[in-house]
Amino acid sequence: VSANMFRAVVRLSASGARSLTRSRTSISAPLASRCYSHGKVETDEEFDSRWVTYFSKPDIDAWELRKGMNTLIGYDLVPEPKILDSALKACRRLDDLASAIRILEAVKEKAGPHKDIYPYLIQELQPTLTELGISTPEELGIDR
């Protein structure tokens, strides 16, 4: 009797373990497809245009500027110069030099180990920086 009980317990526990692993697989697969199945994919040009338009709003306030930059910096990319140009001009409209410098610092940090990206961005943004009277963190001596 004890051998039969032992076999029954092993059989039940083995089928229980299989059903647990089966249920885990079925749960994770729909989640993976659900995360990637939303809407149409935005092109790079549409993405850039959306952010330039966002920062070009004449009535943008300081909170919207910071929120937009935090969202933009959270993406897995370094923003294009035209987006940063628009953001810096929004800083000027708000008379917010601190945010402009913080944007440059954040972009430098975002570029990370790719040492050629930040100088390229500064080169592309130089006419805007000069026009708006914004110094880079390096010019101010506050770079790390």
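Above this text sits the structure in question.
Because the structure is predicted, anything quoted here is derived from the model rather than measured. (Residues numbered from 1 in each chain as written. Predicted model: local features only at pLDDT ≥ 70, side-chain atom pairs only at ≥ 80, totals over all residues. Heavy atoms only, no water.)

1. Examining the layout of surface pockets
Here the second largest pocket defines a volume of roughly 180 Å³. Lining of the second largest pocket is provided by Leu65, Arg66, Met69, Asn70, Ile73, Ser99, Arg102, Ile103 and Ala106. Elements supplying a minimum of two residues to the lining of the second largest pocket: helix H3 (62-74) and helix H5 (97-111). A total of five residues in the lining of the second largest pocket trace back to one element, the largest contributor, which is H3. Split by residue class, the lining of the second largest pocket holds five nonpolar, two polar and two charged. (1 Å grid on protein atoms, 1.4 Å probe; cavity = no way out; pocket = protein on both sides within 12 Å on 5 of 7 lines; lining within 4 Å. Points joined across faces, edges and corners; volume = space filled by probe spheres on them. Helix = DSSP H or I, 4+ residues; strand = E, 2+ residues; numbered from the N terminus. Nonpolar A, V, L, I, M, F, W, Y, C, P; charged D, E, K, R; others polar.)

2. Concerning unusual backbone geometry
In this structure, Asp95 takes a positive phi of about 55 degrees despite not being glycine. On the secondary structure map, Asp95 appears in the loop between helix H4 (81-93) and H5. A relative accessible area of 62% places Asp95 in the exposed class. (Buried < 20%, exposed > 50% of the residue type's maximum accessible area, 1.4 Å probe, protein only.)

3. Some words on the packing of H5 against helix H6 (residues 117-132)
Contact geometry of H5 with H6 gives a least axis separation of 9 Å together with a crossing angle of 155 degrees. The orientation of H5 with respect to H6, classified from their angle, is roughly antiparallel. The hand of the H5/H6 crossing is right-handed. Where H5 approaches H6, its residues Leu104, Val107, Lys108 and Ala111 are matched on the opposing element by Ile117, Tyr118, Leu121, Ile122, Leu125 and Leu129. (Axes fitted to C-alpha atoms, helices over the stretch in contact; angles between N-to-C directions. Parallel < 35°, antiparallel > 145°, perpendicular 65-115°, else oblique. Left-handed = near helix turned anticlockwise from the far one by under 90°. Contact = heavy atoms within 4.5 Å.)

4. Overview of the environment of Lys82
In this fold, Lys82 is placed in helix H4. For Lys82, a relative accessible area of 47% puts it in the partly exposed group. Residues Lys82 and Ser49 lie 33 residues apart in sequence; the distance between their C-alpha atoms is 9.0 Å. Here Lys82 is in contact with Asp48 and Val52, once residues within four sequence places are set aside.

5. Side note on H5
Spanning 15 residues, H5 covers 22 Å between terminal C-alpha atoms, matching the ideal 21 Å at 1.5 Å per step. Those residues of H5 that sit buried are Ser99, Ala100, Ile101, Ile103, Leu104, Ala106, Val107 and Ala111. Directly after H5, the chain includes Gly112, whose backbone phi takes a positive value near 55 degrees. (Expected span 1.5 Å × (residues − 1).)

6. Observations regarding the pattern of salt bridges
A full pass over the atoms with the stated rule returns eight salt bridges. Put simply, Glu42 and Arg50 hold a salt bridge, and the shortest N to O gap is 2.9 Å. Look at Arg50 and you get partly exposed, because its relative accessible area is 37%. (Salt bridge = Lys/Arg side-chain N within 4 Å of Asp/Glu carboxyl O.)

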